[in-house]
Amino acid sequence: GAGVSQSPSNKVTEKGKDVELRCDPISGHTALYWYRQSLGQGLEFLIYFQGNSAPDKSGLPSDRFSAERTGGSVSTLTIQRTQQEDSAVYLCASSLELAGYTDTQYFGPGTRLTVL
Amino acid sequence: AQSVAQPEDQVNVAEGNPLTVKCTYSVSGNPYLFWYVQYPNRGLQFLLKYITGDNLVKGSYGFEAEFNKSQTSFHLKKPSALVSDSALYFCAVEKRGSQGNLIFGKGTKLSVKP
């Protein structure tokens, strides 16, 4: 079946502009995650949506970052007033929810964000 | 603090030889451990995981990993490396008390030469 898809694959923006990154999870997966991959920081957790529960936002680096998930499916990560240090590959993943632990997370191809 | 360490930035191995990519972890309680692989300009692909049970876990593409509780390690292995195995490998542990939050190691670049 179809995997996790992300759009756009590449985004170049100017400092100070807002950007929206989209993630379509695997059908039937109720858990959705956002990570950021950058040269200096490696892979960092950003946010986690689990079913109808409040999202775990503990990894968001600043209040310029926000994410929402509509209808329990598609998610959008928004970065306001982008800064050059926001340049990175933003990865989305989804999984089933199992009692007590995380099931395997399946990752999308990522969105490469470049802030000029 | 919970963490994952991959002590080698790069591992070089000749095709046909066995390979090992090292991972150690620090986590309270029983860990849930994962290996992912990333090919150039691609997302992460799941290889295998340890949740409970047999310490030797078999995964995709002929890879396996051994959970060693006393050494807090979860090394990735393959008996015979292929050139196509060349990629970036990440070890990860699920952060306790924050289900869904994976803590990743910094990655190990595997280079397999013909």
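These figures come from a predicted structure and were not determined experimentally.

**Side note on the sheet that holds strand S6 (residues 65-69) of chain A**
Residue and element names in this part refer to chain A.
Working step 1: Spatial strand order, S1-S3-S7-S6: four strands in an open sheet with antiparallel pairing. Lying at the two open borders of the sheet, with one neighbouring strand each, are strand S1 (5-7) and S6. Mean inter-strand twist for the sheet, computed between neighbouring axes without regard to direction, equals 15°.
Working step 2: In terms of strand pairing, strand S3 (residues 19-24) meets strand S7 (residues 75-79) through five bridges, oriented antiparallel. Note on S7: the bridge partner recorded for leucine 21 is leucine 77.

**Let's talk about the layout of surface pockets**
Working step 1: In this structure, the largest pocket occupies an estimated 580 Å³ of space.
Working step 2: If one sorts the elements of the lining of the largest pocket by residue count, strand S8 (residues 88-95) of chain A sits on top with three residues.
Working step 3: The volume enclosed by the second largest pocket comes to roughly 260 Å³.
Working step 4: Lining the second largest pocket are 15 residues, with A:Leu43, A:Glu44, A:Phe45, B:Ile103 and B:Phe104 positioned closest to its centre.

Scoring rules and cut-offs
Residues numbered from 1 in each chain as written. Chains lettered and ligands numbered in written order. Predicted model: local features only at pLDDT ≥ 70, side-chain atom pairs only at ≥ 80, totals over all residues. Heavy atoms only, no water. Pairing = 2+ DSSP bridges. Helix = DSSP H or I, 4+ residues; strand = E, 2+ residues; numbered from the N terminus. Axes fitted to C-alpha atoms, helices over the stretch in contact; angles between N-to-C directions. 1 Å grid on protein atoms, 1.4 Å probe; cavity = no way out; pocket = protein on both sides within 12 Å on 5 of 7 lines; lining within 4 Å. Points joined across faces, edges and corners; volume = space filled by probe spheres on them.

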